[in-house]
Amino acid sequence: MSPEKMVHMANQIATFFKSQPGEDQAERVAGHLRDFWEPRMREQLKAHVAKGGDGLDDLVIEASERV
Amino acid sequence: MKDFIIPDDRDMGTPARTGAPVTLTIDGFEVTVPEGTSVMRAAAEAGISVPKLCATDSVEAFGSCRLCVVEIEGRRGTPSSCTTPVAPGMVVHTGSSKVRKIRRGVMELYISDHPLDCLTCSANGDCELQDMAGAVGLRDVRYTAPEGGALDNHFEARNTSGENHRYLPKDESNPYFTYDPSKCIVCSRCVRACEEVQGTFALTIEGRGFDSRVSAGNALDDFLSSDCVSCGACVQACPTATLQEKSVVELGTPERSVVTTCAYCGVGCSFKAEMQGDTLVRMVPWKNGKANRGHSCVKGRFAYGYAHHQDRILNPMIRENITDPWREVSWDEALSFAASRMRGLQETYGQKSIGVITSSRCTNEETYLVQKLARAVFMNNNTDTCARVCHSPTGYGLGQTFGTSAGTQDFDSVEHTDVVIVIGANPTDGHPVFASRLKKRLRAGAKLIVIDPRRIDLVKSAHVEAAHHLPLRPGTNVAVVTALAHTIVTEKLYDEEFIRTRCDWDEFQAYAEFVSDPRHSPEATEELTRVPAAELRAAARLFATGGNGAIYYGLGVTEHSQGSTTVMGIANLAMLTGNVGRPGVGVNPLRGQNNVQGSCDMGSFPHELPGYRHVKLPEVRKIFEDAWGVSIDPEPGLRIPNMLDAAVDGTFKGLYCQGEDILQSDPDTKHVAAGLAAMECVIVHDLFLNETANYAHVFLPGSTFLEKDGTFTNAERRINRVRKVMAPMNGYSDWEVTQLLANAMLKESGGANWTYTHPSQIMDEIAATTPSFAGVTYDLLDEKGSVQWPCNEDHPDGTPLMHVDGFMRGKGRFIVTEYVATDEKTGPRFPLLLTTGRVLSQYNVGAQTRRTANSIWHGEDVLEIHPHDAENRGLHEGDWVKLASRSGETALRAHITERVAPGVVYTTFHHPDTQANVVTTDFSDWATNCPEYKVTAVQVSASNGPSEWQEDYAAQAEQSRRILPAAE
Ligand code: SF4
Ligand code: SF4
Ligand code: SF4
Ligand code: FES
């Protein structure tokens, strides 16, 4: 998947959970990624974060440590 | 196999009533019926058939033929039994000599204006006029022609004085049925069926007295040019050969019938397949079908000819490369070719390098086997279904709020509703039989709110008009739904009692605070959504205060970047107003294809096993691990768009695609093509060489719904039987093909064979592993006709209504629904918004319906554009136009109409030569990756004809469909 597409999809998820009340947004993003993203996609995300996480929402970066 | 006994489907004469019991005596027999029942129906209940012509139980009685007269003690004259309601203690005589005499006289008159060509008439043996002539003992017709003249009649083309001005020739304009005015007895059953059952009002009786005749549309119309939508209700109601299926004219009357289920849309209509030997004579909607109650639409009723279309591929085919022509081979060769390629790919690229796509058009048993193939033979979770691209957000959204993705009601529920919201759905085209049932309820006084960018037919059509139409800008569903909730909450119109007892009160408070924010008010969002605030407020008030409120929605809700959020917003609205858990209310996803519900239930999604249980849960995996003797991967697999991405990346190499044409139906055609082209083994299992097959290496011929046993689950969770009425032309039912492929692969790897011999065994396995199906067996379905899941020990007869005493998840959950604009934005290059949909006569990618006479109604995809936008671009009706987005471009003809708002254009995706999806983008729902089909920024400009891309595509398609002549 192109990095832009992955970043877009991950940020969409973060945007939703950011709008939700509560304190555990990062965990909920991570939970969503664990439940619905195939390991290859999660690996790609983590690799992208390792390279600086260009374009990713901070919440995704926080969540990526937990996926 | 056991015989399936067709329950009583006699014509009872007039519709059933509900009411207090009334007891009366008919011909000496006491009978008790509900108040309001006609004497005719009461007699039928007692087993006495009163002769009749103008009455039939699908429509209200009209009382015009006077054949059904009876005598009632204490009443004067001879009232007609079809229009006379029962009364307590009534004493009725249906066979006195007086009424016999009247009936004979009536019949004599009818027959005097009717041709006596019974032996060669297409309705011979299936004609109520014939039956009644027999029943009343008509022996001669005493009317004679005056000397030198002819008897005044409608049926002789010529008489002695030349042309008979009363004679009208047959109208053969409809491709499926004929109208022969010379045989019409003017009973008006057809007119009433078109009004009451279908709700189209296409027919009238023109003229008076002896001059009167049935007419479709106005004087210059024939059936085809009139408003008729070819549903067949009038044909069904006609007692004579006047309205007659062309197939019966051609083949003769059927000799047996088998009850089965329509394989087109999610309404799931029951039909009687009427047969001569193994030839299908006609499909007749089945009265006892609980989804359709005897009605149908043009697709299920008539569009089955594709089953024998010459394009059908009947032999397996393989090829080394997709640039080679196809080679016909034996099943053995095709399967071992496929199996060794797939296993080879797994050896080279890893266990997760191959996957499956199941189709919502296939039966539950088939989709169950296909996901089992992925999980237990491929040993991964790479299974997805085309529901990904339509209703996956329903699964997520309703799952989060209510605890299950299931629609909450049955279709009968619409009869109890007072206010209906239809959002992002176009039922008269997409779910026609439901639309007819809805329109009936609207004519009886229920109110309608339509939320749709287009002025769909329901907004205003014969005798139906929406109280409010909110023509929102595509992509702003969440803003509109939240503004509705804002109005309900800030004006204190919510149902506090319901919320306190049934929902999580704390969550409600957070939610109420969120929606009350002035930025969610209709006034604040008007500029964005283009929905006038006053209209939106009025709609919200109506929904909250108008009695039973029901919400029906379709793909206009789900196929957006915020599809899942809108679904949650809809669930919020239902909970706010206390509209869950009883008849007449609820949240009702209108599923696109016949078995969308079922394919999701059967565990086709990559993250969940059958029954919506996540693969991460060890206790769930254990159930299947024990049943299948394998270990199951605990990680979610790839979804369809992810498979294509992975293919382009080089990590996904092989696909078994059953009954689905992803190249035509999935968004961003070029990306799909690139993904398919990058795979090394694509197995297409289908009826036809579809578009996806252009990129396939193995083609396994499929069977039609007429050729196999199984079940479909419709939008109301109703499990309906599909019954085999003829042998598969390709040799195997589809579940057998999947089993053969599984066994071929298991042979390679040394696993134990699958050994199903009948789909009922597959259903037994489903029941044994999936709690919501625990009680389902083929025996139960044969006995009850159909059953709605959950069906288990707690609900042995199934569950028509969900969440009656409490939500599936316990307390209903309000979820904050923040509007987020889609990133698909209009701008100078692409200033218009494209939204897509479908038409009544065609189905999905059109593979089936395009191969029937239905194309007469829709021969090509056209682009609907507002006059204002057309004028700006110098476009005229029927012009070729270029439709371009950042993904691609195509060309099609323009249709200028005010149904779409300025700034919005609309088209369908039924035809591969248009390929609307070359234009749609890869944006998708945030939660489920359901593609955003409904919003694409586009530009429209004049064009000379098909685009270069279309021409290249057509050339490639032709090239890749070559089949080598079979070896001598
Ligand atoms: S086919 Fe249906 S729509 Fe057409 S005239 Fe008959 S009842 Fe009306
Ligand atoms: S067409 Fe058939 S149903 Fe209609 S009025 Fe004539 S006989 Fe009756
Ligand atoms: S297409 Fe839908 S509405 Fe039409 S007959 Fe089939 S199931 Fe019924
Ligand atoms: S059947 Fe009763 S009047 Fe025709």
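What counts, and at which threshold
- Residues numbered from 1 in each chain as written.
- Chains lettered and ligands numbered in written order.
- Predicted model: local features only at pLDDT ≥ 70, side-chain atom pairs only at ≥ 80, totals over all residues.
- Heavy atoms only, no water.
- Near = heavy atom within 4 Å.
- Nonpolar A, V, L, I, M, F, W, Y, C, P; charged D, E, K, R; others polar.
- Helix = DSSP H or I, 4+ residues; strand = E, 2+ residues; numbered from the N terminus.
- Polar contact = N/O pair within 3.5 Å; in protein donor to acceptor, adjacent residues only side chain to side chain.
- Phe/Tyr/Trp six-rings, centres within 6.5 Å; stacked < 30°, edge-to-face > 60°.
- Buried < 20%, exposed > 50% of the residue type's maximum accessible area, 1.4 Å probe, protein only.
- Lys NZ or Arg CZ within 6 Å of the ring centre and 35° of its normal.
- Axes fitted to C-alpha atoms, helices over the stretch in contact; angles between N-to-C directions.
- Parallel < 35°, antiparallel > 145°, perpendicular 65-115°, else oblique.
- Left-handed = near helix turned anticlockwise from the far one by under 90°.
- Contact = heavy atoms within 4.5 Å.
- Salt bridge = Lys/Arg side-chain N within 4 Å of Asp/Glu carboxyl O.
- Pairing = 2+ DSSP bridges.
- Expected span 1.5 Å × (residues − 1).
- pLDDT = per-residue confidence, 0-100.
- Domains from an automatic or database assignment.

Trainee: Give a detailed account of the site of ligand 2, specifying residues and quantitative values.
Mentor: Taken together, 13 residues lie near ligand 2, and B:Cys184, B:Cys187, B:Ser188, B:Cys190 and B:Cys238 sit nearest. Here the shell around ligand 2 is composed, by residue class, of nine nonpolar, three polar and one charged.

Trainee: I'd love a proper account of the environment of B:Arg41, names of residues and values included.
Mentor: Mapping B:Arg41 onto the fold places it in helix H1 (residues 39-45). There is a polar contact of 2.7 Å between the side chain of B:Arg41 and the backbone oxygen of B:Thr14.

Trainee: Kindly report on the packing of aromatic side chains, identifying the contributing residues and their values.
Mentor: What the rule picks out here adds up to 25 aromatic pairs over all chains. Centroid distance B:Tyr179 to B:Phe223: 5.6 Å. Interplanar angle 55°. Geometry classified as tilted. Of this pair, B:Tyr179 sits in strand S7 (residues 177-179) while B:Phe223 sits in the loop between strand S9 (213-216) and helix H5 (233-237), and the two are 44 residues apart along the sequence. The residues B:Tyr179 and B:Phe223 share a single accessibility class, namely buried. On the basis of an interplanar angle of 55° and a centroid distance of 5.1 Å, the ring pair of B:Phe624 and B:Trp628 is categorised as tilted. Here B:Phe624 pairs with B:Trp628, and both are found in helix H21 (residues 618-628), just four residues apart, close to one helical turn. Judged by its relative accessible area of 0%, B:Phe624 is buried. According to the relative accessible area criterion, B:Trp628 is buried, its value standing at 11%. One aromatic cluster is present, formed by A:Phe16, A:Phe17, A:Phe36, B:Tyr396 and B:Trp926 through successive ring pairs. Between B:Arg319 and the ring centre of B:Trp326, over which it is positioned, the NZ or CZ distance is 3.9 Å.

Trainee: Describe the packing of helix H13 (residues 477-490) of chain B against helix H16 (residues 522-529) of chain B, with residues and values.
Mentor: Residue and element names in this part refer to chain B. Between H13 and H16, the shortest axis-to-axis distance is 10 Å and the interhelical angle comes to 165°. Our classification of the angle between H13 and H16 gives roughly antiparallel. Every pair of crossing elements has a handedness; the one defined by H13 and H16 is left-handed. Between H13 and H16, the residues in contact are Ala-479, Val-480, Ala-483, His-486 and Thr-487 and Pro-522, Thr-525, Leu-528 and Thr-529, respectively. Taken together, the residues that form the contact of H13 with H16 break down as five nonpolar, four polar and no charged.

Trainee: Explain the pattern of salt bridges residue by residue, including any values.
Mentor: Residues and elements named next belong to chain B. Under the criterion given, the structure shown has 60 salt bridges over all chains. Among the salt bridges present, the one from Asp-633 reaches Lys-352, with a minimum N-O distance of 3.0 Å. Of this pair, Asp-633 sits in the loop between H21 and helix H22 (640-649) while Lys-352 is found in the loop between helix H8 (331-349) and strand S16 (354-358), placing the two residues 281 residues apart along the sequence. Since its relative accessible area comes to 14%, Asp-633 is described here as buried.

Trainee: Residue-level account of the sheet that holds strand S12 (residues 270-276) of chain B, with values.
Mentor: Residue and element names in this part refer to chain B. Here we have three strands laid out as an open sheet, ordered S11-S12-S13, and antiparallel in their pairing. Looking along the sheet, the strands with just one partner apiece sit at the ends: strand S11 (256-261) and strand S13 (279-285). When the angles between neighbouring strand axes are averaged without regard to direction, this sheet yields 30°. Relative to S13, S12 runs antiparallel, the two sharing six bridges. Across the sheet, the residue bridging to Gln-276 is Thr-279, located in S13.

Trainee: Can you lay out H8(B) for me, pointing to particular residues and giving the numbers?
Mentor: For H8(B), which comprises 19 residues, the first-to-last C-alpha distance of 27 Å matches the rise-based estimate of 27 Å (1.5 Å per residue) to within 8%. Turning to H8(B), its buried residues are B:Trp331, B:Ala334, B:Leu335, B:Phe337, B:Ala338, B:Ala339, B:Arg341, B:Met342, B:Arg343, B:Leu345 and B:Gln346.

Trainee: Now, about the confidence of the model for chain B: what can you tell me, with residues and values included?
Mentor: Looking at chain B, pLDDT values average 89 and 98% of them are 70 or higher. Here the predicted complex carries an ipTM of 0.93, next to a pTM of 0.90.

Trainee: So what's going on with the domain arrangement of chain B? Residues and values would help.
Mentor: Entries for chain B in the domain assignment read domain 1 (21-135), domain 2 (317-390 + 596-788), domain 3 (392-589) and domain 4 (832-960). Here the C-alpha centroids of domain 1 of chain B and domain 2 of chain B sit 54 Å apart.

Trainee: Residue-level account of the site of ligand 3, with values.
Mentor: Residue and element names in this part refer to chain B. Around ligand 3, a shell composed of Cys-262, Tyr-264, Cys-265, Gly-268, Cys-269, Phe-271, Cys-297, Lys-299, Gly-300, Pro-432 and Val-433 is seen. Looking at the shell around ligand 3, the elements that each hand over two or more residues are helix H7 (298-302) and helix H12 (432-443). Here the residues of the shell around ligand 3 sort into eight nonpolar, two polar and one charged.

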